[in-house]
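Summary of structural features
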Amino acid sequence: MTRETAQVKTNMTQELKTQDTDNLITIADQFTASKVASIQAFGSGNINDTFLVTLDSPSQQHFVLQRINTSVFRQPQLVMQNMCIFTEHIRNKLQHTPLNRPWEVPAVLLTKDAQDHCKDDDGSFWRAISFIEGSESFDIIKDIEQAKEVGYALGMFHSLISDLSPEKLADTLEGFHITPLYLQQYDEVLAKYTGSKFPLVNYCLKFVSDRASWAHVLENAKNQGHLPLRLMHGDPKVNNIMFNTTTQKAVSVIDLDTVKPGLVHYDIGDCLRSACNPQGEETKQWETVYFDADMCNAILQGYFSQARDFLTENDYAYIYDAIRLIAFELGLRFFTDHLAGNVYFKVKYPEHNLARALVQFKLTESIESQETSICGIIKGMR
Ligand code: GN1
Ligand code: MG
């Protein structure tokens, strides 16, 4: 059975009930000596369940409480181990060489028994992370200035972990961003496919089959030694970048579950596919989705201002492919999950993953139609 189809029940999102809130308070209590004032569902994550805990305390106002989806992260204790290792590395580094502008690293909060997680009566895995006070995130980029900040944040993140050896971190999500493996899972799901009531499924089927042979591009480059294995964030979509609410400068990158060995290209692709889509990945108007090359230019400017020192000539050569590939790959992952019955990504309605796939495929088409200008932008950055 494939990782993305491993979960048996459908991931339909649910509202918070009073009884749930009581349970949540009991869990949140384990991570704080202060009184919990309130708890609310937080963010728009597709995998874990995330809550913002508000405290009655002048010293710490909030923290983020999360139930890790253990059907996806099979060894959540390794996720926590990775998080402790690299956040400590970054904190040490910042202490010795302070930056010339504010930057925050989310901290793992310990339970009253000094553990980095706790389990509830159902065996669910809970952990708490500090909240960056006075910061906010956006699902859709507002303007070019913000785009430069998004790029700066990813470049800063990569630069801060660039001297931590990839072997120091465990592979917490095998196959993550290995496109050929997603194609393999897709073929397995397709083998059981008996037709659909949604005509747009046919468009998606053709979309994938037209690109299946090209989709090995980054893995081939990695296997041939053209691209080095490094540490990556894994999920630097635009709403994982935190902005100071007053200065509107990027101050942190959050959602650190998938920081693990990989290619920085997966991150560059993921950041651009999410930040250069002005309609956002949840739009229902998939026909009008396009890739905004001006935003791409600004993000890459911000990125290279921080990343130039550790990138090689080969790295530049694969950036266009990375942008195209990660949009395609996410579309493929959503589409596979739709065909498999919505077992991996949380959904709000039955054809939600199909709608999400169409958005990413349309974005991929738009990237392909602008290949010359996107490659020109990348060339201009060297
Ligand atoms: C998932 O759960 P969330 O929203 O942080 C997914 C990413 C996708 C993203 C698309 C572990 O991230 O790979 O890009 O949805 N995370 C995992 O919104 O599969
Ligand atoms: Mg994530």
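So, here's what we can say about the structure. (Residues numbered from 1 in each chain as written. Chains lettered and ligands numbered in written order. Predicted model: local features only at pLDDT ≥ 70, side-chain atom pairs only at ≥ 80, totals over all residues. Heavy atoms only, no water.)

**Some points on the coordination of the magnesium ion (ligand 2)**
- Within the first shell, the magnesium ion (ligand 2) binds the protein through Asp235 (OD) and Asp255 (OD), at distances of 1.9 to 2.0 Å. Placement of the pair is Asp235 in the loop between strand 8 (230–232) and strand 9 (241–244) and Asp255 in the loop between strand 10 (250–253) and strand 11 (260–262), with a sequence separation of 20 residues. (Donors = N, O, S within 2.8 Å, 3.2 Å for Na, K, Ca; no water. Helix = DSSP H or I, 4+ residues; strand = E, 2+ residues; numbered from the N terminus.)

**Topic: the site of ligand 1**
- Around ligand 1, the structure places 16 residues, and the nearest of them are Asp235, Lys237, Glu281, Arg333 and Tyr344.
- Ile47 places a main-chain nitrogen or oxygen 3.1 Å from an oxygen atom of ligand 1.
- Starting from 440 Å² of accessible surface for ligand 1 in isolation, the protein chains cover 95%.
- When residues of the shell around ligand 1 are traced back to their parent elements, those giving at least two are helix 7 (264–275) and helix 10 (319–340).
- Its residues assigned to classes, the shell around ligand 1 shows 7 nonpolar, 2 polar and 7 charged. (Near = heavy atom within 4 Å. Polar contact = N/O pair within 3.5 Å; in protein donor to acceptor, adjacent residues only side chain to side chain. Areas by Shrake-Rupley, 256 points an atom, 1.4 Å probe, with all protein chains shown as cover. Nonpolar A, V, L, I, M, F, W, Y, C, P; charged D, E, K, R; others polar.)

**Here we look at the packing of aromatic side chains**
- Inspection of the entire model under this criterion finds 15 aromatic pairs.
- Between Phe138 and Phe243, the aromatic rings sit 5.5 Å apart at their centres with planes inclined by 65°, giving edge-to-face as the arrangement. On the criterion of sequence distance, the pair formed by Phe138 in the loop between strand 7 (135–136) and helix 3 (144–161) and Phe243 in strand 9 is long-range, its members being 105 residues apart. Considered together, Phe138 and Phe243 belong to a single accessibility category, that of buried residues. (Phe/Tyr/Trp six-rings, centres within 6.5 Å; stacked < 30°, edge-to-face > 60°. Buried < 20%, exposed > 50% of the residue type's maximum accessible area, 1.4 Å probe, protein only.)

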